[in-house]
Amino acid sequence: QVQLVESGGGLVQPGGSLRLSCVASGRVSSANYMGWYRQAPGKQREWVAIMSGGSSTNYDDSVKGRFTISRDNAKNTLYLQMNSLKPEDTAVYYCKVVYNTGIISWGQGTQVTVSS
């Protein structure tokens, strides 16, 4: 099983920025796709941004133009740059990696709180 470890969450004021990182114990270059998801209190987990193995990206409308997903194959790391943060972005953020072998891995989550 591939282990994923997220970091970079925290408390930030509205309009601020954070960059989340997700370090994988396996090669992200061989992933079928990777993504970031979030879960706010009392709500279901929802997808935020995904990247295919070929590096094409897609974003939920609520974050389009503010968030950017990227990866560094040499570091086996997936990133989520979050700008212009809003209180409604407050949630636990999770990374997910799906491999062609069928292995699906989730990270443990990192808390992002946007508040003044």
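These numbers were taken from a predicted model, which means no experiment stands behind them.

Right, let's talk about the packing of aromatic side chains for a bit. A complete count under the given rule lists two aromatic pairs for this structure. Here Tyr-37 and Trp-106 contribute two aromatic rings whose centre-to-centre distance is 5.0 Å and whose plane-to-plane angle is 65 degrees, an arrangement assigned as edge-to-face. Note that Tyr-37 is positioned in strand E4 (residues 31–39) and Trp-106 in strand E10 (residues 104–106), a separation of 69 residues in sequence. Between Tyr-94 and Trp-106, the ring centres sit 6.5 Å apart and the planes meet at 85 degrees, which makes this aromatic pair edge-to-face.

By the element assignment, Ser-52 lies in strand E5 (residues 46–52). The class for Ser-52 is partly exposed, based on a relative accessible area of 22%. Through-space distance from the C-alpha of Ser-52 to that of Asn-32 is 6.2 Å; in sequence the pair is 20 residues apart. Excluding anything up to four places from it in sequence, Ser-52 contacts Asn-32, Tyr-33, Met-34 and Arg-71.

Within the secondary structure, Arg-66 sits in the loop between strand E6 (57–59) and strand E7 (67–72). By relative accessible area, Arg-66 is classed as buried at 10%. A distance of 2.8 Å separates a polar side-chain atom of Arg-66 from the backbone oxygen of Ser-62. Not counting residues up to four positions away in its chain, the partners in contact with Arg-66 are Gln-81, Met-82, Asn-83, Ser-84, Leu-85, Lys-86 and Asp-89.

Oppositely charged side chains are able to pair whenever their charged atoms sit close together. This model, assessed by the stated rule, comprises four salt bridges. Between Arg-38 and Asp-89 there is a salt bridge, and its shortest N-O distance comes to 3.0 Å. Of this pair, Arg-38 sits in strand E4 while Asp-89 sits in the loop between strand E8 (77–82) and strand E9 (91–99), and the two are 51 residues apart along the sequence. Residue Arg-38 shares its accessibility class with Asp-89, and that shared class is buried. Put simply, Lys-64 and Asp-61 hold a salt bridge, and the shortest N to O gap is 3.0 Å. Here Lys-64 falls in the partly exposed class, since its relative accessible area comes to 48%. When salt bridges that share partners are traced, they join Arg-38, Glu-46, Arg-66 and Asp-89 into one network.

Definitions and cut-offs
Sequence positions are assigned chain by chain, starting from 1 and proceeding in written order. For a predicted model such as this one, the threshold for reporting local features is a pLDDT of at least 70, and the threshold for listing and counting side-chain atom pairs is 80 or more; totals across whole chains, interfaces and linings nevertheless cover every residue. Neither water nor hydrogens contribute to the side-chain values; these are computed over all heavy atoms in the structure. In this analysis, rings of Phe, Tyr and Trp, with Trp reduced to its six-membered ring, are considered paired at centre separations within 6.5 Å, and the interplanar angle assigns stacked below 30 degrees, edge-to-face beyond 60, and tilted for intermediate values. Strands are runs of DSSP state E lasting at least two residues, helices are runs of H or I lasting at least four, and both sets are numbered from the N terminus onward. Under the scheme applied here, a residue whose accessible area is under 20% of the maximum for its type counts as buried, over 50% as exposed, and between as partly exposed, the area being computed with a 1.4 Å probe on protein chains only. Working rule for contacts: check all heavy atoms of both residues, and any pair within 4.5 Å makes them a contact. Pairing of N or O atoms within 3.5 Å defines a polar contact, subject to two protein rules: one partner must be a possible hydrogen donor and the other a possible acceptor, and residues neighboring in sequence count only if both atoms are side-chain atoms. When a carboxyl oxygen of Asp or Glu lies within 4 Å of a side-chain nitrogen of Lys or Arg, that pair is called a salt bridge.

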